[in-house]
Amino acid sequence: MAVTLVTVRIIAGALGIRVLTAIIAFMINAVVPMAQPEQFTIYPRTDLFWDPFARWDSGSYFGIARHGYKFVEDGRGNLAFFPLYPMLMRYLALAMGGGSVRVYMAGIIISWTAFVLAMIVLHRLARLDLPEGASRALVYAAVFPFAFFFGAVYPESLFLLFTVTAFYGFRTKQWWLGAAAGALATATRANGIFMIPSLALVAYRETRGDRGAALRAGAALGATLLGIGAYSLFVYNISGDPFEWAKAMSRWNWSPGSVPGWQPLVTLAIAIARSPYAFITRSPSAVVDLLNAMTAIALLAATPFIWRRFGPAYPTLILINLYVPLSSGLLEGIGRYAAVLFPVALWLATLRTPIVRDGILVAFGMFYVFGLMLFTKIYPLF
């Protein structure tokens, strides 16, 4: 990619968002009481600036990077966490001199770098449909209420980078690029396989009437499974079951298909209708569930408009990435999963009424800081 003035501005803006988020998290950490004791710290002692980067699942990724995978029969093993992000953490930390602190620092560097690159590629993808609104799409993606995960020791920014690059490759008929990015996405998170139906729709649209291109697109689509296939082979070697990673996820209470995907939203709506005050005040997880549910409902409401503007591929991506996790019966993680659903940002960038655009940005910013506070103070937001 040639470095242009636009690219420099994107890099500066993306890094600016990350730095500002880190400063806000530090201020929150300094003045707001903890919801519970810290589960772990980056340094041997608590550090008010650095510790907000590492909460909840960050500890699992650190453990894999530092000590590798361990098969725990019928237990909550770390095989549920896909390998690309923690392996990058491991080898970057070794290149930096090794040690526990550098493993966490490597995670931060990877997350921030991937976020910057994701914004650059997203801008290029957006320009295919929105020549004049591509920059606005980046703003909506960067300040999405759960976008603070892109700067933490989590694989979200890496996953966003590979997802956007896969769609860009398929949209521009660079099948090798789409295949490589898709394979890396399925090696980063299990959710990577959810993009395959959408990529197939993109490939169909781009290759209609061209049999040779259709064959190349089909091969690229199949190659996206190499990431999850390689990990399944590794899991088989240490556990005897190539799908032990899925069974490990079920022991972390993530079992897609357990209930209809709409059930968690209906259950929540009934609980709120009975007594909004009692629901909100009963436990910290109630507020988190409400935020996750609001995010899911907002994206579902936007889906018909996204379909009308961009066709079926992007709505398919959104619907699968919402329905499958919701069918586990839980709302946890929905906001984080939604943060990487870039078609929402593309659609928001098409809105032309200034007061509507400004209102959405204000709302996004408010919930962004609120979610960051919950994550920083170790409320059950993960």
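Preceding this paragraph is the structure being described.
Quantities reported herein were computed from a predicted structural model and do not represent experimental measurements.

Enquirer: Lay out the overall build of the protein in plain terms, naming residues and giving numbers.
Expert: Counting its regular elements, the protein contains 18 helices and zero strands. In terms of overall dimensions, the protein is globule-like: its C-alpha atoms have a radius of gyration of 20 Å, near the 21 Å expected for 382 residues. For the protein, the spread of C-alpha atoms along the principal axes amounts to about 60 × 55 × 45 Å. In the protein, buried positions account for 53% of the 382 residues. When the accessible surface of the protein is totalled, it reaches about 16800 Å², and 66% of it is carbon and sulfur. The averaged location of the 16 negative side-chain charges in the protein is 7 Å from the averaged location of its 29 positive side-chain charges.

Enquirer: Now, about the nonpolar core: what can you tell me, with residues and values included?
Expert: Formed by 133 residues in total, the largest nonpolar core has its most connected members in M119, F167, F342 and L346. Among the elements that line this core, the one with the most residues is helix α4 (residues 100–129), at 17 residues. What F342 contacts, discounting residues up to four positions off in sequence, is L122, L125, L160, T163, V164, F167, Y314 and L317.

Enquirer: So what's going on with a nonpolar patch on the surface? Which residues, and what values?
Expert: A grouping of V19, I23, F26, M27 and L48 is seen on the molecular surface, where their side chains present a nonpolar patch of about 420 Å² in accessible area. Checked against the element boundaries, F26 lands in helix α1 (residues 5–31).

Enquirer: Before we move on, can you summarise the pattern of salt bridges with the specific residues and values?
Expert: Tallied over the entire structure, the rule returns nine salt bridges. Salt-bridge contacts for K247 lead to D241; the nearest nitrogen and oxygen are separated by 2.5 Å. In this structure K247 comes out as partly exposed when scored by relative accessible area, which is 41%. Several salt bridges share partner residues, and in doing so they unite D57, E156, R189 and R336 into one network.

Enquirer: Run through the environment of F305, naming residues and quoting values.
Expert: Locating F305 in the fold gives a position in helix α14 (residues 284–310). The spacing of F305 and V344 is 39 residues in sequence and 9.9 Å in space, taken between C-alpha atoms.

Enquirer: For the packing of helix α3 (residues 84–95) against α4, give the residues involved together with the corresponding values.
Expert: The contact between α3 and α4 brings their axes to 8 Å, and the two run at 120°. On the basis of the axis angle, α3 is oblique to α4. Crossing angle aside, the handedness with which α3 passes α4 is right-handed. Facing Y85, L88, M89, L92 and A93 of α3, the residues of α4 in contact are R102, V103, A106, G107, I109, I110 and S111. Split by residue class, the contact of α3 with α4 holds nine nonpolar, two polar and one charged.

Conventions used here
- Residues numbered from 1 in each chain as written.
- Predicted model: local features only at pLDDT ≥ 70, side-chain atom pairs only at ≥ 80, totals over all residues.
- Heavy atoms only, no water.
- Helix = DSSP H or I, 4+ residues; strand = E, 2+ residues; numbered from the N terminus.
- Rg over C-alpha atoms; globule rule 2.2 N^0.38 Å.
- Buried < 20%, exposed > 50% of the residue type's maximum accessible area, 1.4 Å probe, protein only.
- Areas by Shrake-Rupley, 256 points an atom, 1.4 Å probe, with all protein chains shown as cover.
- Lys, Arg positive; Asp, Glu negative; His and termini not counted.
- Charge placed at Lys NZ, Arg CZ, Asp CG, Glu CD.
- Core = buried A, V, L, I, M, F, W, Y, C linked by side-chain atoms within 4.5 Å.
- Contact = heavy atoms within 4.5 Å.
- Patch = residues over 30% accessible without salt bridge, like charges linked within 9 Å, V, L, I, M, F, W, Y side chains within 5 Å.
- Salt bridge = Lys/Arg side-chain N within 4 Å of Asp/Glu carboxyl O.
- Axes fitted to C-alpha atoms, helices over the stretch in contact; angles between N-to-C directions.
- Parallel < 35°, antiparallel > 145°, perpendicular 65-115°, else oblique.
- Left-handed = near helix turned anticlockwise from the far one by under 90°.
- Nonpolar A, V, L, I, M, F, W, Y, C, P; charged D, E, K, R; others polar.

Honestly, that's just the spatial picture; any functional story needs more than this.
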